[in-house]
Amino acid sequence: MIWFAVILGLGAGFALGRARLDGVVDWSEDWTAPGWRTWRFWLAAPVGLACLALVWIVRPRRTLANVRSWRAGERLHPAPEYDPQWAQRRPASEGGEQ
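This structure is a prediction, so every number in the text was calculated from the model and none was measured.

Criteria and thresholds
Residues numbered from 1 in each chain as written. Predicted model: local features only at pLDDT ≥ 70, side-chain atom pairs only at ≥ 80, totals over all residues. Heavy atoms only, no water. Phe/Tyr/Trp six-rings, centres within 6.5 Å; stacked < 30°, edge-to-face > 60°. Lys NZ or Arg CZ within 6 Å of the ring centre and 35° of its normal. Salt bridge = Lys/Arg side-chain N within 4 Å of Asp/Glu carboxyl O. Buried < 20%, exposed > 50% of the residue type's maximum accessible area, 1.4 Å probe, protein only.

Colleague: Sorry, what's going on with the packing of aromatic side chains here?
Modeller: For any pair of aromatic rings, the description rests on two quantities: the centre-to-centre distance and the angle between the ring planes. Scanning the model with the defined rule gives three aromatic pairs in all. For the ring pair F41 and W42, a centre distance of 5.0 Å and an interplane angle of 90° mean the geometry is edge-to-face. Among the aromatic residues, ring-to-ring pairing joins W27, W31 and W39 into one connected group. The residue whose ring lies beneath R40 is W31, and the NZ or CZ to ring-centre distance is 4.3 Å.

Pasting the structure below:
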């Protein structure tokens, strides 16, 4: 009997680790967006919370890394500026004109 419980636990852990919750989370976000005063919110909120709890339990390091990156804010590089003379300033050793 104990072997059955161990095998069942390992199988459940494997299934939880391989689960893709993107569709469920998207549905939950869509239904909770209007606000807590709608009936749709109260159906979707427990589902969203269960998905969040599952992610925290199954992948804690990745989740903490995501939280840290969200708190750090946007760190985008500035857009490159257009330089019409870049080819003339390029050295010949890099494959420019010879």
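Back to the text.
Colleague: What am I meant to see in the pattern of salt bridges here?
Modeller: Working definition: two side chains of opposite charge can pair if their charged atoms are close together. Applying the stated criterion across every chain yields a total of one salt bridge. Between R89 and D83 there is a salt bridge whose closest N-O contact spans 1.8 Å. Given a relative accessible area of 53%, R89 falls into the exposed group.

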